[in-house]
Amino acid sequence: MAKNVKRADSGIRASRRSKAIVTTLVIVFALIIAAFFVYISGLLPKVMTGVKINKTVNGVVTNIDNISVAETNYHYYQVLSSYYSYGIIANDTDMDAVYDTSSGRTYRQLILDQAAEELMNSTIVNQEAEANGYLVHSGASRYADLNIESVEQTASLYGFNSVADYLQRLYGRGMSIRVLRNCLERQALTQEYENYVRQFTFAVSEDELNAAIEANPTVYQRVDFDYYFFAGEADEDGNYDLTEAISNANQVADTATDADSFTACVVDIIGEETAELAGFSEDYTPTHAEGYTNSTADTITAGLGDYLFDDARTAGDTTVIETENGAYAVLFEKKYVNEEPTATYRTLTLYNDAYNAEGATPESIAAGLAEVQNRANAIIAAPMDSLAFADAVKKNSESVSEIITAGFNEGTSASRFEASETNVLTDRDAALGAWLFDESRTAGDTLVLPSEDSSYVTIFYFENVVPEWMYTARSQIVTSMVNSWSNDIMSDSPSYAIAYDLIKALSY
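Conventions used here
- Residues numbered from 1 in each chain as written.
- Predicted model: local features only at pLDDT ≥ 70, side-chain atom pairs only at ≥ 80, totals over all residues.
- Heavy atoms only, no water.
- Phe/Tyr/Trp six-rings, centres within 6.5 Å; stacked < 30°, edge-to-face > 60°.
- Helix = DSSP H or I, 4+ residues; strand = E, 2+ residues; numbered from the N terminus.
- Lys NZ or Arg CZ within 6 Å of the ring centre and 35° of its normal.
- Pairing = 2+ DSSP bridges.
- Axes fitted to C-alpha atoms, helices over the stretch in contact; angles between N-to-C directions.
- Contact = heavy atoms within 4.5 Å.
- Parallel < 35°, antiparallel > 145°, perpendicular 65-115°, else oblique.
- Left-handed = near helix turned anticlockwise from the far one by under 90°.
- Nonpolar A, V, L, I, M, F, W, Y, C, P; charged D, E, K, R; others polar.
- Salt bridge = Lys/Arg side-chain N within 4 Å of Asp/Glu carboxyl O.

**Comments concerning the packing of aromatic side chains**
Stage number 1. Inspection of the entire model under this criterion finds 20 aromatic pairs.
Stage number 2. On the basis of an interplanar angle of 50 degrees and a centroid distance of 6.0 Å, the ring pair of Tyr345 and Phe460 is categorised as tilted. Taken as a pair, Tyr345 in strand β11 (residues 341–351) and Phe460 in strand β14 (residues 456–467) lie far apart in primary sequence, 115 residues in all.
Stage number 3. Relative to Phe437, the ring of Phe417 has its centre 6.1 Å away and its plane inclined at 55 degrees; by these criteria the two rings are tilted. Placement of Phe417 in the loop between β12 (408–413) and α17 (427–436) and of Phe437 in the loop between α17 and β13 (446–450) is noted, with a sequence separation of 20 residues between them.
Stage number 4. Aromatic rings pair up to connect Tyr134, Tyr193, Tyr196, Phe200 and Trp485 into one cluster.
Stage number 5. When the ring centre of Tyr336 is taken as reference, the NZ or CZ atom of Lys334 above it lies at 5.3 Å.
Stage number 6. Note that Arg416 overlies the ring of Phe417, its terminal NZ or CZ placed 4.9 Å from the centroid.

As structure tokens, then:
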């Protein structure tokens, strides 16, 4: 009897062990299946933090934002693409290879550092935008919508099963429309708020403008002059004999009294055949230079700017500037401020969908254009100040770049609309130029113009026309103010921490 009981207990224990093993195997198998689906879904890159953004106030470090691995990867690939484009990194570079032997840092870390830097700056700017009530003016969400529509069309065009497949091919697992929207909105808000600060926050008073000009007038002055470089004779060792070059340059300087005599003397020295090869002709004189600043003159040769902008300079003055491998002959013509009228305006673009519709006809395109023009006129039915029009651009424009800039265009010179053989104007260009530089134009005036092919309509909003020197002065002062603002908002010593190994592990 006892033996039978022992056998029964042993059987029960074996049965329990079998059940436990089966249960364990089922759990392990379920975990493997769950892990597989977590892996292919890209959940971890979406929820795990790739970059932490911190700031320090009174010595206390505070975390102000966490960027997911998926979002970090988006910015990583954007930076990487730009590095490829500019040739900073070759397309076949091993990203895990060491680029800095002193620190052992890899190319991957280099790119991630730059991406994190951009994310940190974006976080600080966006918090500033929110704190100052800018979000009511923001078009970042609409900007993201338009870009996502474009991504969806591209994914379909290239035959991807879904937009998610297309995005993951570009940015790795974890990238989705939702993540992309976050990335696009973040970037757009940063860019548009920086534009807003430049366009609306900082105004330059007349006193500030005059003070800047008095403090450094040469910044806004321009010069016209003539110059020609006579090269020295090089020997086999790369040393230059400048004797003839200096002699030729001095001959031009001693002979020339104006632009024509300067050119004639140069041609006489170098000969007609060489002059022709150098581009001299009845319509073009390569020795003549117009509209140079002090700094741009120095790009020709060091010291040229100082000579041309010396207060003692008078028309016809000449000099010779020697270099290591030759000599420049220079003739000063005149110094002045650029009075050319320069326009600032805004644009709002609406597309004519009928233009690209299947089976479009001239009649259907014309009908679509009329409808778009009616929409444009409805937008500007009531007078608007500059900020109101900027808001209208963000709400209505179908050009993504205009949403970011609020359609802002500055520094457009009147000569841009002067027709010539080298500057052929369309009727639309001519109409815009005539409207912009009409003396009766006042701030807030609007103009609706269709494109030449009727594919879109543009609303133009007039801001101002000022002399070029005044535009330049204002622009430089505002740039200085914006730089100070940027330094101020970064005063809390923002920093970032990157989970390099985690990002690499979750990038697949």
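Still more ground to cover, so stick around.
**Quick word on the sheet that holds strand β1 (residues 49–57)**
Stage number 1. With respect to topology, three strands assemble into an open sheet ordered β2-β1-β15, the strand pairing being antiparallel. Of all the strands in the sheet, the pair left with one neighbour each is β2 (60–68) and β15 (495–498). The mean inter-strand angle of the sheet, taken between neighbouring strand axes irrespective of direction, is 25 degrees.
Stage number 2. Of the pairings in the sheet, the one linking β1 to β15 comprises four bridges and is antiparallel in character. Opposite Asn54, over in β15, you have Ser495 as the bridge partner.
Stage number 3. Across the face of the sheet, helix α4 (residues 107–131) comes into contact with β1, β2 and β15 while running at roughly 135 degrees to β15.

**Quick notes on the packing of helix α3 (residues 69–85) against helix α7 (residues 177–201)**
Stage number 1. Direction vectors running N to C along α3 and α7 enclose 60 degrees, while the axes themselves pass 9 Å from each other. Classified by the interaxial angle, the pair formed by α3 and α7 is oblique. Seen along the crossing, α3 lies across α7 with a hand that is right-handed. On α7, the residues touching Ala70, Glu71, Tyr74, His75 and Gln78 of α3 are Val179, Leu180, Asn182, Cys183, Leu184, Arg186 and Gln187.
Stage number 2. For the contact of α3 with α7, a count of residues per class yields six nonpolar, four polar and two charged.

**What about the pairing of β2?**
Stage number 1. Relative to β2, β1 runs antiparallel, the two being bridged by eight bridges. Following the sheet pairing, Lys52 is matched in β2 by Asn66.

**Here we look at the pattern of salt bridges**
Stage number 1. All told, the structure shown has 16 salt bridges when counted by the stated rule.
Stage number 2. Between Asp113 and Arg105 there is a salt bridge whose closest N-O contact spans 2.4 Å.
Stage number 3. Across the pair Lys394 and Glu192 runs a salt bridge whose closest N-O atoms are separated by 2.8 Å. In this pair, Lys394 sits in helix α15 (residues 386–396) while Glu192 sits in helix α7, placing the two residues 202 residues apart along the sequence.

Any functional reading would require information beyond the geometric quantities listed.
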